[in-house]
Structure formats: structure tokens, C-alpha cells
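Coordinates in review
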Amino acid sequence: MNPAAFKKAVCVILTSGFIAVGCGGDVREAVLTIRQGENLPCLGVRRIKVTVFKDESSGKSEEVFGEFYRGDGSCNLPAGLPTDVAGLSYAGEMSITVEGFDSSLDRRMCLGTKQVTREGVESGDLGEMDLNRESVDDGGTPTYPTGTLKILPLPGIADIESMDTLSFIINAGLTGSINGRFVTDPEVSLSDTTLVLSSLLPRDPPNSLVVVAYYKNVRVGMWENTSSFAIGDMFTEVGMSKEQD
Amino acid sequence: MRVTLPGALLLFVVALYPLFTVSGEEAKAFITVLPLPSRDVFPSTQDNVLAAIARQLRNQYNARVLSGRAVGRAVWGTFGSGLEEAGMRFTSKVSEGKQAYQQLQVEKTLKKMKEALHEQRFCGPEIRDPSIFSDLHVFAALARLARGEREEAVAEFRQAVSHDPGLVLSKKRFPPDVVNAFSQAKRQLLSSQPTQVSIISRPAGAEVYIDGRSQGTTPVAVPLYPGRHFVRVELEGYSPWTLSLPDDFPPREIKALLVPLWTGGPPEELLAKAIAVEDFDEPELAQLRLLAGFFRANALVLASLSQDGRNTHLGIRLFIVEPEVATRARLFNLGSDPGGFDRKVRGVVSTLKDLQRIRGLKVADSADPFATRDPDKDVFRPGKDKNADKNRDRDRYKPPRRIRSSSTPWYESWWFWTIVGGVVVAGGVTGLTIWLMQPEESWTLVIQPSQ
């Protein structure tokens, strides 16, 4: 073959290679194993949120609902797991955060973090991560309060046609009152589910709990505890009655 | 397999490279751009336009091109160019300016020197008296000083010293403030290092003049200080090659391709009719054949530049030797912005489609049209071959010459590699499109409990 033809043949081969490379794309799967850490990390945990950050400010997350605790406060991690977060892009620095919440929007019980590299992802195994309970500052002393309220299904909530917010307040008007909003499993009706508030400091009776349902900032339902209760070391069941408007 | 996009693009460029490098063996047409004398267009503008025409002919028609004012000068001499008149006007303006200063007419001195400067833009390289260059600026500086414009005077003195670094103003002839200003300008200029400008020519051995002063024969290195300078390269039997350097720092190298002088008289009839008439008569055609033969060109492009107010107009006409074609002249307005000339000339040159009809490409298969001049080559040379006209008529009825023989194997045929090229480019574009459109490379995180 003459030099010109040779050059052109090389051209065809290289370009074919380019096309082959251009058409190819990798989608990989990497497994991260989570373990129970110290101080009853899963006590009262109803929701696990997995977030993968490709930098410090942006990330992609996935939420898993389920009853992750056992009666003794240990983890029931298989509930809802394994789960996956798909469509993640590669970045120079990547970190994974696993957070455990009770039924509220932002009361975090436990946390685990891990830095990962591209090479780690490509190996398919990201190793293990410990899920540890977060401490609460009780007057300067970090403690791990385990007081947990299991709020029994709210009567009559199924009859409310429209509702966009379900908020709560514990010991309204008293020192140390706690309020917030519930986040519930979208696949389970509120009339069937038990709501959980955890990481509460023990407190003798009388304690009170009010739950209010809103639709566009208008109250559409309200419930109060049927009898006084103590916030103990572990689980306390609280029955609720609906107030008439 | 993971490849970054820049890497893939590089691969693609490398892959395409051979496509653009394998056609170098083929003969190219040789085109000479013959500029018609133009007395009202600045030489720098002419240089720009002629260079743009040559560039576009090379790019669009893959031809070898000889162009530039030197070509025109080789044929027309200074006939009709106005250069001689401009030179006389320049000398006369400088002399009037000097006279006006001696009569203490400061404003008139400045006016005359300004007019002289304008003429100098046309004829600077033609001036053979080096003292006129420095006189122009010295007397302009004296007038400036008389008006109290010291800064401007120093600038004028600097230009005068740039022309003649050995210039001295005598303390006996000039007052102290003049001598001081001059010394300051000289000190400023000479404190900087001059640029060693290397001047080469082909053929070598040509006499080099800078600002009218002889600097030896090429190749030569000349130290030049920043300022306006005029270069002229002369060799017997060749057209003088001239260049006006810009006001700032001179280039490090100047290359002059000397064009042999047309041995006949200036083809005045052709000059009169080149753009004006629709169809050439036989005498003009004969002159064009002679010119093409002299330059060993397959085609001549006649270019006429003129100035209408601020606008520059380009008249262009094409003459092809084989098959003989003389197109009609067309006139284009290049506008007033020299920055846009290149774009407009590209459009003008694209109208010369008849160049694709050139046959007999063996005529100009040498890189240097003058280095291998061989009268025995099969170039049409009117006047040298008595049977030339007869032969040309005979050739005209021959079937077109095949560039490649019929025994060319399929893998060397143009159609095969055109298809391959098409497939490669289409494949590359498709691959690139798929690459750009596909989602970013991604991964999935699986969270599982410990066993």
C-alpha cells in the first residue's frame, strides 16, 4: 500500500476508534454498608435520608421510610433497605451522609458520613459506615436522651378532605416546650400510622401534646392527649382525641 | 473504558489529519496578479489588497500566486503610477517649507511639511536623497519650537534622528533651546537598543536602501531605531522592491521576492482597456498571452484599485491561458474600512470560478517561479516559439489531459477516498453528537445494612 493510502487507512481506523469511544458510556454501582453505632442510634428513627454531595453545597438525596427501631432501641436496619441513589455524577470530592429522623421534619437522631473517591466508586465497594446517635446539649452536658413518644393514630384524620401541614407542640407555654412539623410516609395513611417523637429529655407528668392540621394556613383539625403522661427513658404511648372546632 | 472529551477531540483531529495532507503531490496552477497603476490609492492599501487577493487565490483555488506592487512595477515601471510626480512634489514641499521657515513663516512651514508628509506616504521608498527625510522633520521641529510646542518638536527631532542617527545640529547655527531639544530627542532615541533588521532577497545580491541611504547588498542586517522608515531593494534586471515600515518598531526580518522586469515596453493599450472594455480585441489578448508566458503563469488576474472619496474600489478581470478565457471586468466597492478588505476580497475572489477550468497544470510545478526557469518546459511562450499559436489551436481541440492514468488502482482513486472521507467525517460528527447528547457518566450508590 502506498503512503497516501496507508495514512488514509490509519485515519479510518482512528476515527472508528473515536466513534466507538464516543458511543460508550459507563454506569457503575457502588455498595455502602451501614452499621449500628453507639448509644442506641436507631431509637425512634422512622426515616433515613441518604445524601451524596459532589461538593459542599449540592447533593442528591433519597429518603427511606420505615420502622427502623426495635423495642430495645437497637437497629432494625433491614427495614426499607437496601435502597439506592441513582444518577450520581463523578466529582473530585464526594461525600455520603446517612441521617436518621423521627416522624418530624428536622429532628435528627443519628448521623453517619463518609468521604469517597472515584477509585472507590469504580471498585464497587465503598466499605462500611457507622450510624451514631447525636448528642443533645442538656445545660452544658452532652447527653443522649432516649425519651420517645409513640403517638397513636389520630382519630378522625381520615375525614379531613384537605390538609397540607401537620404540626405538633409538646408542653405548650412551658419552659422547654418543643414544636415542629411531622413528615409522614407518603405511602401510609395517617389514620393507620403511629407517629414518633424521639430524643426527648425525661420529664415527670403532667406533660401535654397538641397536634394541629392546617390547610393553606387555616386550621382544619386539632388533637390533644387524652390523659397526662410522663416522658420516660424509652417508649411512652400517647392516645389522642380530636377537639371539636 | 473512560476517555475525556478533549482527548477524544484530539484523537478525531489526528484521525482527520491525513485527509488534508495526502494531496500535496498534485500540481498547482500558477496565477500572477497583475496590478494596474494606481495613483490615488495609498501604497499600503494597495499592498493590503494585493496580499489579500493572493491569499484568497491560494486558499480558494489551491494555486501558487505571484502578487504585489512589484509585479505591477515590473510591467508598467513607474508609468501612470504617479510615483515620480509624488516624489517631485515631496521634494518641492520640503524645500518650500525650509524656505518659509527662513522667512519666519512658521504656520506656512508647518503646512508645507504636513503636505510633504502626505506625499511621503506615496513615494517615501523612491526618494534617493537621504537628507530630505531629516530636513522634513528638523524644520517641522523648528517650527513647532517657534510655536512653543516643545513636546511635538522633540518628537519631530526623534523621527529626524531615526532617519539619520548621525545627525548633528551645530551650536553656531541654532540657538541653545533648539540644540537642547534636539539633544534630548537624540538622547532618548539612541539610549534604546536598535533593532537588527535582517533583509534578504531572492535572488540575493540586491542593493538595499533605507531612507534613501545605501546599506549594502542582500543578505544584510541593518540596525534601525523606532520610527518611520522606507525600504527599497534593487537589482539589475528586476523590478525595484519597496516597503514603507510603520511608525513603531521595525520587524526583525524583511524578505523581498524580486520580480524580473518585463522586457517589452509598457503595454499601454492593455492598461487603457483592461477594465474599461467588455471584450478584448486580438492585440490585447496577444499582450496578455505574452505577459502570462513571461511570468510562466496559467492565469493572469488584472487588478485595478481606485479611490472614490473614502471608498476603495477594486476592478478585477481574469485571463486564462489554457483554455483561453478572458472574463469581463467587474468592479467591487471594498468600502472605507481597511479591516474589512480581507472579507470583501474573499467574496471578490470567489467570483473567479473560471480558474477551475485551467488545464495543463504542469506549467507551474516549481515552488519558486523564478528559481527553475526553463525555456524548454511546456509553457506557452509567445514570441519564443513560432508555432506557438498553431500548437495552441491544435491543443484546444484535444480532449482534456488526464491527471491520473487509467491504470490507477481503486484504492488510490479520488472517488474511493471521497467516499471514505465522507464516511469518516459523518462518523466523527455522529460520534461527537452522541457524545455530547448522552447523559453524563453516572454511578449508583446502594445502601445496605450490615449482615
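Remember, predicted model here, so these are calculated numbers, not experimental data. (Residues numbered from 1 in each chain as written. Chains lettered and ligands numbered in written order. Predicted model: local features only at pLDDT ≥ 70, side-chain atom pairs only at ≥ 80, totals over all residues.)

1. Focus: the overall build of chain A
When its secondary structure is counted, chain A shows two helices and 19 strands. Out of the 245 residues in chain A, the part that is buried amounts to 29%. When contacts within chain A are restricted to residue pairs at least 6 apart in sequence, those whose partners lie at least 24 apart make up 65%. (Helix = DSSP H or I, 4+ residues; strand = E, 2+ residues; numbered from the N terminus. Buried ≥ 20, exposed ≤ 12 C-beta atoms within 10 Å, placed from the backbone. Contact = placed C-beta atoms within 7 Å.)

2. Quick look at the overall build of chain B
For chain B, the helix and strand inventory stands at 13 helices and 14 strands. Long-range pairs, those at least 24 residues apart, make up 64% of the contacts in chain B between residues at least 6 apart in sequence.

3. Regarding unusual backbone geometry
Generally, phi is negative for residues other than glycine and the peptide bonds are trans, each holding for most cases. All names here are of chain A. Put simply, Leu-81 and Pro-82 share a cis peptide bond, and its omega is 5°. Along the chain, Pro-82 turns up in the loop between β3 (59-65) and β4 (83-89). At the junction of Pro-205 and Pro-206, the peptide bond is cis and its omega measures out at 0° in the coordinates. Here Pro-206 lies in strand β14 (residues 203-207). Of note in this structure, Asn-217 is not a glycine but carries a positive phi near 65°. Summarising the element assignment, Asn-217 is placed in the loop between β15 (209-215) and β16 (218-225).

4. Details of the sheet that holds strand β6 (residues 220-224) of chain B
Residue and element names in this part refer to chain B. Here three strands make up an open sheet; going across it, the order is β6-β3-β9 and the pairing mixed. Two strands close off the open sheet at either side, each with one partner strand: β6 and β9 (253-257). For this sheet, the mean angle separating the axes of adjacent strands, direction not counted, is 25°. (Pairing = 2+ DSSP bridges. Axes fitted to C-alpha atoms, helices over the stretch in contact; angles between N-to-C directions.)

5. Points about the sheet that holds strand β7 (residues 229-234) of chain B
Note on sheets: strands pair through backbone hydrogen bonds, and any given pair is parallel or antiparallel. Residue and element names in this part refer to chain B. Taking strand neighbours across the sheet as the criterion, the four strands line up as β5-β4-β7-β8 in an open arrangement whose pairing is antiparallel. Both edges of this open sheet fall to β5 (213-217) and β8 (241-245), since each of them pairs with a single strand only. Within the sheet, the average angular offset between the axes of one strand and its neighbour, ignoring direction, is 20°. Two strands pair when backbone bridges link them, and strand β4 (residues 207-210) and β7 are joined in this way by four bridges, in the antiparallel orientation. Within β7, the residue paired with Ile-210 across the bridge is Val-231.

6. Some thoughts on the nonpolar core
Residues and elements named next belong to chain B. Counting 71 residues, the largest nonpolar core has Ile-31, Val-33, Ile-53, Ala-299, Leu-300, Val-301 and Ala-303 as the members making the most contacts within it. It is helix α2 (residues 43-61) that provides the largest number of residues to this core, a total of seven residues. Residues in contact with Val-301, not counting those within four places in the same chain, are Ile-31, Val-33, Leu-34, Ile-53, Ile-316, Leu-318 and Leu-352. Membership of the second largest hydrophobic core comes to 31 residues, among which are Val-94, Ile-127, Ala-141 and Val-161. (Core = buried A, V, L, I, M, F, W, Y, C linked by C-beta atoms within 7 Å.)

7. A look at the confidence of the model for chain B
Model confidence for chain B is summarised by a mean pLDDT of 80, while 82% of its residues fall at 70 or above. Overall, residues 361-406 of chain B carries pLDDT values under 50, and its contacts beyond four positions in sequence, including any with other chains, amount to 46 contacts. (pLDDT = per-residue confidence, 0-100.)

8. Looking at α2(B)
With 19 residues, α2(B) ought to run about 27 Å at 1.5 Å a step, and its terminal C-alpha atoms sit 26 Å apart, in line with that. Directly after α2(B), the chain includes Asn62(B), whose backbone phi takes a positive value near 50°. (Expected span 1.5 Å × (residues − 1).)

9. Description of the packing of helix α5 (residues 106-123) of chain B against helix α6 (residues 130-146) of chain B
All names here are of chain B. Close contact between α5 and α6 brings their axes to 9 Å; oriented N to C, the two are set at 145°. Where α5 crosses over α6, the handedness of that crossing is left-handed. Along its contact with α5, which presents Val-106, Thr-109, Leu-110, Met-113, Ala-116 and Leu-117, the element α6 presents Leu-136, Phe-139, Ala-140, Ala-143 and Ala-146. (Left-handed = near helix turned anticlockwise from the far one by under 90°.)

10. Re the packing of α6(B) against helix α7 (residues 150-163) of chain B
Pairs of packed helices are described in terms of their axes, by the angle between the two and the distance that separates them. Residues and elements named next belong to chain B. Relative orientation of the contacting elements α6 and α7 amounts to 165°, with a least axis distance of 8 Å. Judged on the interaxial angle alone, α7 and α6 are roughly antiparallel. The chirality of how α6 crosses α7 is left-handed. Residue-level inspection shows Phe-133, Ser-134, His-137, Val-138, Ala-140, Ala-141, Arg-144 and Leu-145 of α6 in contact with α7, the latter providing Arg-150, Glu-152, Ala-153, Glu-156, Phe-157, Gln-159, Ala-160 and His-163. (Parallel < 35°, antiparallel > 145°, perpendicular 65-115°, else oblique.)

11. So, the pairing of strand β11 (residues 165-170) of chain A
Residue and element names in this part refer to chain A. Alternating residues of β11 divide into Leu-166, Phe-168 and Ile-170, all buried, and Thr-165, Ser-167 and Ile-169, none buried. Sheet topology places β11 next to β15; six bridges connect them, and they run antiparallel. If you follow Ser-167 over to β15, its bridge partner there is Val-212. Relative to strand β12 (residues 178-181), β11 runs antiparallel, the two being bridged by four bridges. Note that in β12 the partner of Ser-167 across the bridge is Arg-181.

12. Considerations on the environment of Ser199(A)
Counting through the fold element by element, Ser199(A) comes out in strand β13 (residues 195-200). If sequence neighbours within four positions are ignored, Ser199(A) has contacts with Gly44(A), Arg107(A), Met109(A), Val136(A) and Pro145(A).

13. Thoughts on the environment of Tyr215(A)
Note that Tyr215(A) resides in strand β15. According to the C-beta neighbour criterion, Tyr215(A) is partly exposed, with 14 such atoms within 10 Å.

14. Regarding helix α8 (residues 176-190) of chain B
Residue and element names in this part refer to chain B. A rise of 1.5 Å per residue sets the reference length of α8, with its 15 residues, at 21 Å; its end C-alpha atoms lie 21 Å apart and thus fit the reference within 8%. Those residues of α8 that sit buried are Ala-181, Phe-182, Ala-185, Lys-186 and Leu-189. The buried residues of α8 occupy one face: seen down the axis, they fall within an arc of 130°. The exposed set on the far side of α8, more than 90 degrees from its buried face, consists of Pro-176, Asp-177 and Arg-187. Next to the buried residues of α8 lie α6 and α7. (Arc of directions from axis to C-beta.)

15. Concerning the pairing of strand β6 (residues 108-116) of chain A
It is a general feature of regular strands that their side chains alternate between the two faces of the sheet. All names here are of chain A. For strand β5 (residues 94-101) and β6, the ladder comprises eight bridges, and the chain directions are antiparallel. When the sheet's bridge partners are listed, Ile-96 is paired in β6 with Lys-114. Between β5 and β6, which pair antiparallel one after the other, the connecting turn spans six residues. As paired strands, β6 and strand β7 (residues 125-133) are joined by two bridges and run antiparallel to one another. Along β7, the bridge assignment pairs Cys-110 with Arg-133.

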